[in-house]
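# Descriptive structure summary
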Amino acid sequence: MGGLVIETLALSHFRSHRAARLSLDGRPVALVGPNGAGKTNVLEAVSLLSPGRGLRRAAAEDLARRPEALGWKITAAVQGLTSAHELETWAEPGTTRQVRIDGKAATQASLGRILRILWLVPAMDRLWIEAAEGRRRFLDRMTLSFVPEHAEQSLIYEKAMRDRNRLIKDQVTDPHWYAALEAQMAEAGQQITLNRTAALARIAQAIDPASAFPSADLTLTGPEGAAQPEDLATALAEGRRRDIAAGRTLIGPHRADLLARYAAKDTPADQCSTGEQKALLISLILSNARALKLDLGAAPVLLLDEVAAHLDATRRAALYDEICALGAQAIMTGTDSDLFDALGTRGQRLSVSDDGSGSRLIGISE
């Protein structure tokens, strides 16, 4: 098996697309068109075939095409990890996002057991020099690709922490109110840390020294709490006075950070050039994909938004070679068709335009 494949994708009233249907054959896909034509909206739709809020982290109501605001729907036929499936996700006005798998209601977490989807978008270019929150999100997306249950553990932890923070805000000092919440945080927090650590180990093992993209050494750091749940529970209990003074919980996996170094230069990522930082991100996505293929026997779907524009011709060709060697279905965007010349007949090429009434995919039935 080469990779996971999206065979058809249908969009209804999603962002700039009133109605569109793509038929894909598993090869890499280049979506070409001017800025604002709706290319990234297609990638966002695909990203919603995985758990979470997609590559833009948008609220469900913000995804509906304007001005109609009728709600939106995404339907896809896919070759998943074990078999073919029909996936649907949608939201009506004023409702949360819903999921159906093969005609039956399902949870978002269930999507992660069918497809694994990785993405790299321009908003991530400043990952290494901005706040730790973005790096934790990046780390958790990588972790989720290996352990779909990671999302559920994170939700348990975050809910318990929100409840604890309410006690802190109300200046509650009675230990009995805290104990059960801290036990939940400790149990889920330990699993979150173990999942993250295991994901980083898998990615490190999958680094290809022959890759055209530089290797990154990754380190998980910050006030993670200890490895055993009882240790984190103790640390939370001992830190209550400090947390009440600060107005929030100051220790746990929600405070972790992901640090990276450009391995060949032994230089922290935040001190590298803009081009080197981008190359490190591409390297991590490719290593993540290689690790998943080794684990699952199938490469994940890759969403690469405007990546080619930041690479010279040699690096672009190397990127396409590595994607094809993985057997991955990569859906890429670019403003210039020439950016994908090195891909040649190894990929599909579609033109995206906006005629004023909405986005259109040229050559694809709508």
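Residues numbered from 1 in each chain as written. Predicted model: local features only at pLDDT ≥ 70, side-chain atom pairs only at ≥ 80, totals over all residues. Heavy atoms only, no water.

- Taking an unreviewed UniProt entry as the reference, the protein is identified by name as DNA replication and repair protein RecF belonging to Tabrizicola piscis.
- What UniProt records for the protein under Sequence similarities (unreviewed entry) is the sentence "Belongs to the RecF family." (UniProt positions renumbered as here; feature names shortened; annotations may be inferred.)

### A few points about the UniProt feature "binding site: ATP" (unreviewed entry) in the protein
- When the UniProt feature table is mapped to this numbering, "binding site: ATP" (unreviewed entry) covers Gly33, Pro34, Asn35, Gly36, Ala37, Gly38, Lys39 and Thr40.
- Tracing the chain through its elements places Asn35 in the loop between β3 (29–32) and α1 (39–47).
- Other than its neighbours up to four places away in sequence, Asn35 contacts Glu306 and Thr335.
- Among the structural elements, Gly36 can be located in the loop between β3 and α1.
- Judged by its relative accessible area of 66%, Gly36 falls in the exposed class. (Helix = DSSP H or I, 4+ residues; strand = E, 2+ residues; numbered from the N terminus. Contact = heavy atoms within 4.5 Å. Buried < 20%, exposed > 50% of the residue type's maximum accessible area, 1.4 Å probe, protein only.)

### Brief notes about unusual backbone geometry
- A cis amide bond, omega 10 degrees, links Arg66 with the succeeding residue Pro67.
- Within the secondary structure layout, Pro67 lies in the loop between α1 and β4 (72–79).
- You will see that Arg15, though not glycine, has its phi angle at about 50 degrees, which is positive.
- Within the secondary structure, Arg15 is located in the loop between β1 (5–14) and β2 (17–23).
- Notably, Glu306 is not glycine yet its phi reads approximately 55 degrees, a positive angle.

### Digging into the pattern of salt bridges
- Throughout the structure, instances matching the rule amount to 27 salt bridges.
- Between Glu182 and Arg164 there is a salt bridge, with the nearest N and O atoms lying 3.0 Å from each other. Here Glu182, found in helix α5 (residues 175–205), pairs with Arg164, found in helix α4 (residues 150–169); they are 18 residues apart in sequence, far enough to count as distant.
- Between Lys265 and Glu276 there is a salt bridge, with its nearest N and O atoms 2.3 Å apart. Taken together, the positions of Lys265 in the loop between β10 (257–262) and β11 (267–268) and Glu276 in helix α8 (residues 274–296) put the pair eleven residues apart, joining distant regions of the chain. (Salt bridge = Lys/Arg side-chain N within 4 Å of Asp/Glu carboxyl O.)

### What to know about the packing of helix α3 (residues 132–146) against α8
- For the pair α3 and α8, the least separation of the axes is 10 Å and the interaxial angle reads 15 degrees. Between α3 and α8, the angle falls in the class roughly parallel. Crossing geometry of α3 relative to α8 is assigned as right-handed. Together, Phe138, Met142, Ser145 and Phe146 of α3 and Leu281, Leu284, Ile285, Asn288, Ala291, Leu292 and Asp295 of α8 make up the contact between the two elements.
- The residue makeup of the contact of α3 with α8, split by class, is eight nonpolar, two polar and one charged. (Axes fitted to C-alpha atoms, helices over the stretch in contact; angles between N-to-C directions. Parallel < 35°, antiparallel > 145°, perpendicular 65-115°, else oblique. Left-handed = near helix turned anticlockwise from the far one by under 90°. Nonpolar A, V, L, I, M, F, W, Y, C, P; charged D, E, K, R; others polar.)

### Looking at the sheet that holds strand β8 (residues 117–120)
- Spatial ordering of the open sheet is given by β8-β12-β13-β3-β14-β15, a layout of six strands whose pairing is mixed. Because the sheet does not close on itself, it has two edges, and the strands there are β8 and β15 (359–362). In this sheet, neighbouring strand axes are inclined to one another by 20 degrees on average, regardless of whether the strands run parallel or antiparallel.
- Pairing between strand β12 (residues 301–304) and strand β13 (residues 330–334): three bridges, direction parallel. Bridged to Leu304 within β13 is Met332. (Pairing = 2+ DSSP bridges.)

### What about the pairing of β15?
- Where burial is concerned, the two faces of β15 differ: the one with Ser359 and Leu361 is buried and the one with Arg360 and Ile362 is not.
- Inspection of the sheet shows strand β14 (residues 348–354) paired to β15 by four bridges, in the antiparallel sense. Note on β15: the bridge partner recorded for Asp354 is Ser359.
- Hairpin remark: β14 followed by β15, antiparallel, with four residues in the connecting loop; positive phi at Gly356, about 100 degrees.

### Re the packing of aromatic side chains
- For the structure on display, the rule yields three aromatic pairs.
- A centroid spacing of 5.7 Å and a plane angle of 75 degrees characterise the contact between Phe14 and Trp72, whose relative ring orientation is edge-to-face. Within this pair, whereas Phe14 is found in strand β1, its partner Trp72 is found in strand β4, the two being separated by 58 residues in sequence.
- Since its relative accessible area comes to 0%, Phe14 is described here as buried.
- Centroid distance Trp128 to Phe138: 6.4 Å. Interplanar angle 80 degrees. Geometry classified as edge-to-face. With Trp128 in the loop between β8 and α3 and Phe138 in helix α3, the pair connects residues that are ten residues apart, well separated along the chain. You'll find Trp128 and Phe138 in the same group, each marked buried.
- Above the plane of the ring of Tyr262 lies Lys265, whose end atom (NZ or CZ) is 5.3 Å from the centre. (Phe/Tyr/Trp six-rings, centres within 6.5 Å; stacked < 30°, edge-to-face > 60°. Lys NZ or Arg CZ within 6 Å of the ring centre and 35° of its normal.)

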